Amino acid sequence: MPYDASDSVVQLLDVSKEFMRDKIRIPVLTNTTLHIPKGDFAAIMGPSGSGKSTLLNLAAGLDRPTTGRVIVNGQDLGVLSEAGLSRFRSENLGFIFQMYNLMPVLTAFENVELPLLLAPLNRAQRRQHVEAALRIVSLADRQDHYPRQLSGGQEQRVAIARAIANDPVLLLADEPTGNLDATSAQEVLDLLELLNTQFGTTIIMVTHDPKAARRAKRLLHLEKGTFVQADIEALETSR
Amino acid sequence: MIPIKYNLRSLWARKVGSLMTIASTGIAVGASVFALGLSAGLDQTLEVSAGPLDIIVLRQGSSSETASGVSEAVAREILALPGIATDQQGRPLAAPELVVVTYLPRRGNAGSANVTIRGALPVSRDLREGMKVVEGRDFQPGLREAIVSRKLAGRFEGLGMNEEFVVQDKSFKVVGLFEAGGGATESEIWTDQKVLAQVANRTGGTSSVQIRAASKAAQETLLNHIKADEQIALKAITEVQYFADQAQAGLVLRLLGQIIAFFLTIGAMFAVANTMYGAIATRAREIGTLRSLGFGRGSILTAFLLESLVLCLVGAIVGCLASIALTKLFGGQSAGTMNGVTFTEIVFAFSFGPNVLMKGALLAVFLGVVGGFLPALRAVRMKVVDALREV
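We now turn to the structure provided with this report. All of these numbers come straight from a predicted model, not from anything done at the bench.

Let's talk about the overall build of chain B
Phase 1: Along chain B, the regular secondary structure elements total 13 helices and 14 strands.
Phase 2: A compact globule built from 391 residues should have a C-alpha radius of gyration of about 21 Å, whereas chain B, at 29 Å, is more than 25% larger.
Phase 3: For chain B, the spread of C-alpha atoms along the principal axes amounts to about 90 × 45 × 35 Å.
Phase 4: Counting all 391 residues of chain B, 51% fall into the buried class.
Phase 5: Long-range pairs, those at least 24 residues apart, make up 78% of the contacts in chain B between residues at least 6 apart in sequence.
Phase 6: By element, 61% of the accessible surface of chain B is carried by carbon and sulfur atoms, the whole surface being about 17600 Å².
Phase 7: Of the side chains in chain B, 37 bear a positive and 31 a negative charge, and the two mean positions are spaced by 14 Å.

Right, dumping it as structure tokens:
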């Protein structure tokens, strides 16, 4: 389905990415073009090594394509310096990782506050943002707890609070339920759905889990570095 | 900026590694502060000894009083020179003094050493400002009585209050203890000049003449006059110069202290680097996460350098305190070494002034920055995507 490019939060234009391993060129993405419109919730599936995480890293500006352009929220990431990319991420993006990636020595509150330290906010404003984010993930009462004092599901919810604390235009989730039991996974997916439907947050989620993918509005299937036809209904029937 | 509590708590979370690094920087800084305190103490002892207007007259070719001799007749000539300061009674502030060395056993079976005995005149006391008897009384002229520096009294057998020591088979009684503001005089025993001359068979001459000039200009004139007089064959130098020449005292000790401190510093640098490399390797994913959240390379570099600095500064505080405490514990801050010029025992106090402690702190900063820089650079150079994959 064609998208209006001007409405896209993420555009990958003819993007290829190759890695060098022992002087051997390994293509991971090949001439890939992708438009993610504002308010979308896209799930990317595909076998290991199909380029899912690479695609996410490119959209996050954590890696640069070998050829092609990556445009996020109207900004061509290719023209930004390392410092510019850092600033861009802090202002526009939220990350959710499979292993939660919370700082073990910081409390839930302090973890959520981290990205806000880069924003022009005073202490009171930061507190407001953190408390609001923790309320959304229903962990307001656990703000003084350290990650080791939380369950896996709770840790991931804190990580989601951290990802949304600075009100990003794009949320990038890399296997957000990959490390969780079924109940916790459900809670996390409920949250992502809520963020997408109620707050209009654009989400790209890489997942292996068909149940998780079904919660997305759109399913993209990567194989050997190229998108192949896939849709949610097909996923439904395949199960 | 990455909040400092992140680094502080990370250090706390790796208690054993952090404590080991603190210990090794502490030892390096402590040893350096110890060596610096020793040097500063020696310098201070020799520095406070010198009066700015004072002149010391020695035989030509001798570098210390112990190797010098001035005949009585020549000494009288010198005392009559113009430009010498006078006391309230109009007497010249100048004293021919006799210096004899005796070999005395240290307390606690710690061997023996040469100790300086000064045969002094009443005016000698006026030439040493700050010298006062703090226990007992002054020696009586004509008797084999002596006063001893309080520091020396604690270090040698027979030098305690009311104890007796022997010079050339004749025993002297200690009737008083004195202090002299920490100067070189505090390494001496004082007795009556005439008594000492008799006991040591040195009648008819003295070792040196101590003079206080009336002014800077007079000092210059006196120096030139004595130097120019070829008949008397004496040399006159300012006391400042005399003690500067003696600053070679304890050269071996100073050098040894500095060499040990140097090698400990190198060791500590590796310890810091090792700890920080370890910290960064185990926290690669955290670093990747911080970068993905938008913290720049500068923030990461600063954070890890700060972490290394905190380790080293805590180590420095521990090292400085331990150094001061150990010095106080062993010998009450008073130490002795051989004066390399006179071969006599020189007693001094370790000096841990702000200057020495500041140097200790600077060493810690140096350790923190140098030891922490390469690991921090590694953290900065990590590819975010690779760092995020670390377990």
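On we go.
Observations regarding the overall build of chain A
Phase 1: Counting its secondary structure elements, chain A contains 8 helices and 10 strands.
Phase 2: Expressed as lengths along the three principal axes of its C-alpha atoms, the size of chain A is roughly 45 × 45 × 40 Å.
Phase 3: Counting over 239 residues, chain A shows a buried share of 54%.
Phase 4: Partitioning the contacts of chain A with sequence separation of at least 6, the portion at a separation of at least 24 is 68%.

Let's talk about the sheet that holds strand β10 (residues 226-228) of chain A
Residue and element names in this part refer to chain A.
Phase 1: Strand order in the open sheet formed by 6 strands is β6-β7-β8-β3-β9-β10, and the pairing between neighbours is mixed. Pairing within the sheet leaves two strands with one partner each, and these edge strands are β6 (93-96) and β10. Averaged over all adjacent pairs, the angle separating strand axes in this sheet is 25°, with direction ignored.
Phase 2: Here 4 bridges tie strand β3 (residues 41-45) to strand β8 (residues 202-206), and the two strands are oriented parallel to one another.

Points about the environment of V356(B)
Residues and elements named next belong to chain B.
Phase 1: Topologically, V356 is positioned in helix α12 (residues 354-381).
Phase 2: Taking the C-alpha atoms as reference points, V356 and A35, separated by 321 residues in sequence, lie 9.4 Å from one another.
Phase 3: With residues up to four places along the chain from it excluded, the contact list for V356 reads V33, L36, G37, A40 and S351.

What to know about the packing of helix α2 (residues 82-92) of chain A against helix α10 (residues 284-293) of chain B
Phase 1: Contact geometry of α2(A) with α10(B) gives a least axis separation of 7 Å together with a crossing angle of 80°. Judged by the angle between their axes, α2(A) and α10(B) are roughly perpendicular. The residues of α10(B) that touch α2(A), namely those facing E82(A), S86(A), R89(A) and S90(A), are R291(B), S292(B) and L293(B).
Phase 2: Of the residues assigned to the contact of α2(A) with α10(B), the class counts are 1 nonpolar, 3 polar and 3 charged.

Some remarks on the nonpolar core
All names here are of chain B.
Phase 1: With 43 residues, the main nonpolar core has V29, L290, I300 and F304 as its most contacted residues.
Phase 2: When contributions to this core are tallied by element, the ones reaching two or more residues are α1 (4-13), α2 (15-49), α9 (251-282), α10, α11 (297-329) and α12.
Phase 3: If one sorts the elements of this core by residue count, α11 sits on top with 8 residues.
Phase 4: Apart from residues no more than four positions distant in its own chain, V29 is found in contact with A316, C320, G360, L363, A364 and L367.

Parameters and conventions
- Residues numbered from 1 in each chain as written.
- Chains lettered and ligands numbered in written order.
- Predicted model: local features only at pLDDT ≥ 70, side-chain atom pairs only at ≥ 80, totals over all residues.
- Heavy atoms only, no water.
- Helix = DSSP H or I, 4+ residues; strand = E, 2+ residues; numbered from the N terminus.
- Rg over C-alpha atoms; globule rule 2.2 N^0.38 Å.
- Buried < 20%, exposed > 50% of the residue type's maximum accessible area, 1.4 Å probe, protein only.
- Contact = heavy atoms within 4.5 Å.
- Areas by Shrake-Rupley, 256 points an atom, 1.4 Å probe, with all protein chains shown as cover.
- Lys, Arg positive; Asp, Glu negative; His and termini not counted.
- Charge placed at Lys NZ, Arg CZ, Asp CG, Glu CD.
- Pairing = 2+ DSSP bridges.
- Axes fitted to C-alpha atoms, helices over the stretch in contact; angles between N-to-C directions.
- Parallel < 35°, antiparallel > 145°, perpendicular 65-115°, else oblique.
- Nonpolar A, V, L, I, M, F, W, Y, C, P; charged D, E, K, R; others polar.
- Core = buried A, V, L, I, M, F, W, Y, C linked by side-chain atoms within 4.5 Å.

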